[in-house]
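Chain by chain, the residues:
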Amino acid sequence: MSNFTSGFIQVLDPSVLLFCVLGVIVGIIFGAVPGLTATTGVAMFTPMTFGMPMSSSFAFLLGIYCGGYYAGSIPAVLIRTPGSPGNAATCLDGYPMCKKGQAGRALSLSVTASCIGGIFSAMCLFFFAPIISNMALKFGPAEYFAIALMGMTCIASVSGKDLIKGVIGALIGINISMIGMDSISGVSRFTFGHVRMMSGVSLVPALIGLFALTEVLSKTEKIGQDDIRNIDSFNFHLPNFKEYWSIRWALFKSCVIGTVIGAIPGTGPTIAAWMAYNEAKRSSKNPEEYGHGSAEGIVACESSTNATTGGALIPLLTLGIPGDSVTAVLLGALMIQGLTPGPMMLRENFGILSFFLWILIIANFIMLFLGLFGSKFFPYILAVPSKILFPFVIVLCMLGSFSSANSFFDLKAVVVIGVLGYVLLKLGFTMPPLVLGFILGPIIESSFQRAMIGSNQNPLIFISSPLSIGIYSFTIVITAMMYLRQKRDSKQT
Amino acid sequence: MAILGLALIIRDHLRLRRNSGERLDISFRWSTLVPVILLISLYALALEPLGFIPSTSMFLITAMFLFGLRSWKQLLFISACGTAFLYAVFVIFLQVQL
């Protein structure tokens, strides 16, 4: 119980609250502008948290995280363009509702559902993370190898339309991570005799390059042709408790789906939203309303999207393996604060968990407040012309990657990685497998080597413990499930 | 791993050949893309010798011009304000050694 409250005291610090509000505002802006996502926002602002204390920096970043995941629904409702892929399902019902002249109601539904989903998953994080973390304490290098391998496989099989492209992406990520000195033997690899390459590609420039710069580059093609759409004025609408009570089961199920999907490494809000939407539609009393402005549909998508936030933090805080693309960036932010995510982190600083819980709860309430009372301003956010916005985003990307290590080399690295990422994006790859390959590559490698050294070069160590066998079988089950689902989907289309 | 990767690429390629009816639709809009990439690379290279204020303001002006903003007053005004704001945030507030 004292753990539960200890974080609360940290949260009450005015500067922490201020940064949390700031974070939610930044998150809403990044989420709402189509083409910029919560991931872009967190990646760009992570380097700026370098000089901040841990509490403010995470209040800020988690605020962006929550606000950004919610705000993708704003353009989805108002102009039928999802702010981020996770909110695509919201368009189906949000936009028809807007057309009926109920834009205010749709926005209020989406922010309330997001808030409920976010708080639900934060609670799950608080209760399940210690259990998983205790289990993870029994892990040796061999089990770590298995877990990291699981992360890689899930990512490759889950994200993107093409399984093979997912695998190739993850392998490219590993290849980028191999640049520099080997962590155990100290042999330098792929450095081409260049001293600056010895330390490898650092995390923050790689993340900014892959998530932020790549997105911006892919949007430059559309700049200049964006049509200005008129948004009808709408009235502010308070949430109605009865409306939620009548769909409580759909709401609860979507929260659970979001949290569970979020906790599986590499999945993220897009999959969660579609799964929750389909499930809600299947079990609904009036499925014919779906697609024509069903309140249930909006609530299902939005609550599951925001429920992934807490879910995705579970593997990050317990195992050091990010659950989705934003948590991949948060991994970098934790490292900036001198924390190494993994089973030992929660053991050594247990307070961090309750701090995360309270920050997530408060960020969700701030989001609710801003989403309800600030909804008048949303059309203005969408009206900022991209030709002015994007140059600033590029400058922020560059300055951010420079300031993480004050290195001009990183600036050049970020351009190269961004262009590489853009070409891959064009070829139909998605970024999450690549990034997680980049992050998990070193974990896989060093745990492989440590396990081999520890077992006197006996490869049987990888399959000798029940824990790792369990992890492997779980991996195989998930991959098979995803593969079958892909087959089924491709048959349907 | 390299062998596996090669095998995947070859498999993918073969599969594409087989159903060559559906070619991947990859189109780049070179006319905006190449200048933007060149501009970003130039900016990355120019930050060190030129310093923050000249390179950023130049970058903002050319980038906004490229993206289709044509009014000179707006270009100058926005980039001047923007540079000042970014300078305040990064150099004064965050104390980045630029």
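Keep in mind that what you see is a predicted model, and the values were worked out from it rather than measured.

The rules behind these values
- Residues numbered from 1 in each chain as written.
- Chains lettered and ligands numbered in written order.
- Predicted model: local features only at pLDDT ≥ 70, side-chain atom pairs only at ≥ 80, totals over all residues.
- Heavy atoms only, no water.
- Helix = DSSP H or I, 4+ residues; strand = E, 2+ residues; numbered from the N terminus.
- Buried < 20%, exposed > 50% of the residue type's maximum accessible area, 1.4 Å probe, protein only.
- Contact = heavy atoms within 4.5 Å.
- Areas by Shrake-Rupley, 256 points an atom, 1.4 Å probe, with all protein chains shown as cover.
- Rg over C-alpha atoms; globule rule 2.2 N^0.38 Å.
- Lys, Arg positive; Asp, Glu negative; His and termini not counted.
- Charge placed at Lys NZ, Arg CZ, Asp CG, Glu CD.
- Patch = residues over 30% accessible without salt bridge, like charges linked within 9 Å, V, L, I, M, F, W, Y side chains within 5 Å.
- Salt bridge = Lys/Arg side-chain N within 4 Å of Asp/Glu carboxyl O.
- Phe/Tyr/Trp six-rings, centres within 6.5 Å; stacked < 30°, edge-to-face > 60°.
- Expected span 1.5 Å × (residues − 1).
- Bend = angle between axes of the 7 residues up to and from the residue.
- Axes fitted to C-alpha atoms, helices over the stretch in contact; angles between N-to-C directions.
- Parallel < 35°, antiparallel > 145°, perpendicular 65-115°, else oblique.
- Left-handed = near helix turned anticlockwise from the far one by under 90°.
- Nonpolar A, V, L, I, M, F, W, Y, C, P; charged D, E, K, R; others polar.
- 1 Å grid on protein atoms, 1.4 Å probe; cavity = no way out; pocket = protein on both sides within 12 Å on 5 of 7 lines; lining within 4 Å.
- Points joined across faces, edges and corners; volume = space filled by probe spheres on them.
- pLDDT = per-residue confidence, 0-100.

Chemist: Which residues make up the overall build of chain B, and what values go with them?
Modeler: The number of helices and strands found in chain B is four helices and zero strands. The order of helices and strands in chain B, counted from the N terminus, is α-α-α-α. Within chain B, the fraction of its 98 residues that count as buried is 34%. In chain B, the share of contacts with a sequence separation of at least 24, taken over all contacts with a separation of at least 6, comes to 36%. Just so you have it, chain B exposes about 6,500 Å², and 69% of that area is on carbon and sulfur atoms.

Chemist: Hey, could you go over the overall build of chain A for me, with residue numbers and the actual values?
Modeler: From N to C terminus, chain A includes 23 helices and two strands. For chain A, whose C-alpha radius of gyration is 22 Å, the value lies close to the compact-globule estimate of 23 Å for 493 residues. Judged by the C-alpha coordinates and their principal axes, chain A covers about 70 × 55 × 45 Å. Counting over 493 residues, chain A shows a buried share of 60%. For chain A, contacts bridging at least 24 residues in sequence account for 78% of all contacts bridging at least 6. Accessible surface for chain A amounts to roughly 19,200 Å². Of this, 68% is attributable to carbon and sulfur atoms. Taking the 28 positively charged and 21 negatively charged side chains of chain A as two groups, their mean positions are separated by 4 Å.

Chemist: So what's going on with a nonpolar patch on the surface? Which residues, and what values?
Modeler: Together, M123, F127, F128 and I131 of chain A make up an exposed nonpolar region whose accessible area comes to about 400 Å². With respect to the helices and strands, the residue M123 of chain A is situated in helix α7 (residues 103-136).

Chemist: Can you break down the packing of aromatic side chains residue by residue, with the values?
Modeler: All names here are of chain A. Evaluation of the coordinates by the stated rule reveals 18 aromatic pairs over all chains. A centroid spacing of 6.1 Å and a plane angle of 85° characterise the contact between F139 and Y144, whose relative ring orientation is edge-to-face. You'll find F139 and Y144 in the same group, each marked buried. Three or more aromatic residues joined by ring pairs form one cluster here, namely F19, F30, F45 and F60.

Chemist: How would you summarise the pattern of salt bridges if you had to cite specific residues and measurements?
Modeler: Residue and element names in this part refer to chain A. Counted by the stated rule, this structure contains two salt bridges over all chains. Residue E279 is joined to K253 by a salt bridge in which the shortest nitrogen-to-oxygen separation is 3.1 Å. Note that E279 is positioned in helix α13 (residues 269-283) and K253 in helix α12 (residues 248-263), a separation of 26 residues in sequence. Using a relative accessible area of 31% as the deciding quantity, one classes K253 as partly exposed. Linked through salt bridges whose partners overlap, the residues forming this network are K253, E279 and R282.

Chemist: Which residues make up the side chain of N306 of chain A, and what are the values?
Modeler: Structurally, N306 of chain A can be placed in helix α14 (residues 295-319). Filtering out sequence-adjacent residues up to four positions away, N306 of chain A remains in contact with C66, Y69, Y70, S114, G117, G118, S121, N364 and M367 of chain A.

Chemist: An account of helix α10 (residues 203-220) of chain A is needed here, citing residue identities and associated values.
Modeler: Residues and elements named next belong to chain A. For α10, which comprises 18 residues, the first-to-last C-alpha distance of 25 Å matches the rise-based estimate of 26 Å (1.5 Å per residue) to within 8%. Largest kink in α10: about 35°, centred on G209. Burial analysis of α10 places 16 of its 18 residues in the buried class, the great majority of the element.

Chemist: Before we move on, could you go through the packing of helix α4 (residues 54-71) of chain A against α14 of chain A and cite the residues and values that matter?
Modeler: All names here are of chain A. Relative to each other, α4 and α14 sit at 155°, their axes nearing to 9 Å. Of the possible angle classes, the one that applies to α4 and α14 is roughly antiparallel. α14 is crossed by α4, and the crossing has right-handed handedness. Across from L62, Y65, C66, Y69 and Y70 in α4, the residues of α14 making contact are E302, T305, N306, T308, T309, A312 and L313. Of the residues contributing to the contact of α4 with α14, the split by class is seven nonpolar, four polar and one charged.

Chemist: How would you sum up the side chain of T40 of chain A? Please name residues and give values.
Modeler: Residues and elements named next belong to chain A. Summarising the element assignment, T40 is placed in helix α3 (residues 38-45). The class for T40 is buried, based on a relative accessible area of 0%. Apart from residues lying up to four places away in sequence, T40 is in contact with F30, F211, A212 and E215.

Chemist: Tell me what's going on with α7 of chain A, and back it up with residues and numbers.
Modeler: Residue and element names in this part refer to chain A. Taking 1.5 Å per residue, 34 residues should reach 50 Å; α7 reaches 46 Å between its end C-alpha atoms and fits that length. Of all the bends found along α7, the most pronounced is centred on F128 and spans about 35°, while P130, a proline, follows it within four residues. For α7, the tally of buried residues reaches 24 of 34 residues, placing the bulk of the element in the interior.

Chemist: Got a sec to walk through the layout of surface pockets? Specific residues and values, please.
Modeler: A volume near 810 Å³ is recorded for the second largest pocket. Lining the second largest pocket we find 28 residues, and of these V26, F30, F45 and L396 of chain A together with F85 of chain B sit closest to its centre. When residues of the lining of the second largest pocket are traced back to their parent elements, those giving at least two are α2 (14-32), α18 (378-383) and α19 (386-403) of chain A together with α4 (72-93) of chain B. Here the residues of the lining of the second largest pocket are counted per class, giving 27 nonpolar, one polar and no charged.

Chemist: Can you explain the confidence of the model for chain B? Please cite residues and give values.
Modeler: Residues and elements named next belong to chain B. The share of residues in chain B with pLDDT of 70 or more is 63%, and the mean pLDDT across the chain is 74. Contacts of residues 20-24 to residues separated by more than four positions or lying in other chains number three contacts, the stretch itself having pLDDT below 50. For this predicted complex, the interface score ipTM comes out at 0.75, while the overall pTM is 0.82.

Chemist: Before we move on, could you go through the environment of V201 of chain A and cite the residues and values that matter?
Modeler: All names here are of chain A. Relative to the elements of secondary structure, V201 occurs in the loop between β2 (188-189) and α10. In this structure V201 comes out as partly exposed when scored by relative accessible area, which is 23%. In this structure the C-alpha to C-alpha distance between V201 and I417, which are 216 residues apart in sequence, comes to 9.6 Å. With sequence-adjacent residues up to four places away left out, V201 is seen in contact with I176, I179, A206, I417 and F438.

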